[in-house]
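Fold and contact review
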Amino acid sequence: MRDITLGQFFPTDSVIHRLDPRVKIVSLMAYIILIFCTFNYYALALMAAAAIFIVLISRVPIKMYLKSLKVIIVIVIITSILNLFYGQGTPIFQWGIIKVTWAGINNAIFVCVRIVCLLLLSSALTFTTSPTDLTDALERLLKPLTIFHVKVHEIAMMMTIALRFVPTLLEETDKIMAAQKARGADMESGNIVVRIRAMVPVLIPLFISAFRRAYELAVAMECRCYQGGEGRTRMKQLHMTGRDYASIIFTLSVIACVVLLDVLFAPVL
């Protein structure tokens, strides 16, 4: 549980930390769309290089990113192996109905690299942006939806609170599991069904704790006269600076290069 880093903010001084959170969110959305528009290894390599570059200049310890990868590495491996057998063309290896083709190998590589890059960039966003900044940025970006009477502030607040409480609930889960093991509970032996049943004594107190924390948070917000986003002011105003415009230019340059590489080179997929 301690290896799950989703929702954690790592305070340090870097260029990525000082960027406007709106720019970071929009750039991440553009990256997510763009990485699924890479159809050859040149474009894929460029996207991977961009992700590594952002990770390095964020000045967040590499072990934090490795922890975020450790959580889903099994899912990445299983997904890649499954994609090996879905390619069309002449098989290079066949055993019964199982066959491996070059198209399947390409699919596995692209899926693996895409998932790893997406997780690295998503982790970079949460590592370098505080929950308060995320709330303000989401509210500003979703503000046009107020025309349709969408409660933008409440939506942004709920998303940020949910993200903020992920580490807290994981820490609570770790404590409950340690307490259950101290009482003699066995959660590490037996088949998968036995292990799932052993998790029931953990899930029940976890749900109770989550509801209790939600109730306490609601009471605290009401005691502070929280009435929603209407009429509220902000202590910290978001302003675009030169580094933000430079980041936008960098993102647009990567997009242009990926499009050019897709046009110049034959697609692999």
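A brief look at the structure comes next. Owing to the predicted nature of the structure, the values given are computational and were not obtained by experimental measurement.

**Quick look at the layout of surface pockets**
Taken as a whole, the second largest pocket holds about 420 Å³ of empty space. Lining of the second largest pocket is provided by 24 residues; of these, Ser-27, Ile-54, Ser-247, Phe-250 and Thr-251 occupy positions nearest its centre. Contributions of two or more residues to the lining of the second largest pocket are made by helix 1 (15-18), helix 2 (21-35), helix 3 (41-57), helix 5 (102-128) and helix 10 (242-264). Per-class residue counts for the lining of the second largest pocket are 18 nonpolar, four polar and two charged.

**Structural notes on the environment of Met-159**
Structurally, Met-159 is set in helix 7 (residues 152-182). Taking the C-alpha atoms as reference, Met-159 lies 9.5 Å from Pro-131; in sequence the two are 28 residues apart.

**Regarding the side chain of Ser-209**
Tracing the sequence through the fold places Ser-209 in helix 9 (residues 200-223). Residue Ser-209 is classed as buried on the basis of its relative accessible area, which comes to 2%. Here Glu-172 takes part through its side chain, which lies 3.5 Å from a polar atom of the side chain of Ser-209.

Parameters and conventions
Residues numbered from 1 in each chain as written. Predicted model: local features only at pLDDT ≥ 70, side-chain atom pairs only at ≥ 80, totals over all residues. Heavy atoms only, no water. 1 Å grid on protein atoms, 1.4 Å probe; cavity = no way out; pocket = protein on both sides within 12 Å on 5 of 7 lines; lining within 4 Å. Points joined across faces, edges and corners; volume = space filled by probe spheres on them. Helix = DSSP H or I, 4+ residues; strand = E, 2+ residues; numbered from the N terminus. Nonpolar A, V, L, I, M, F, W, Y, C, P; charged D, E, K, R; others polar. Buried < 20%, exposed > 50% of the residue type's maximum accessible area, 1.4 Å probe, protein only. Polar contact = N/O pair within 3.5 Å; in protein donor to acceptor, adjacent residues only side chain to side chain.

That is the geometry; function is a separate question.
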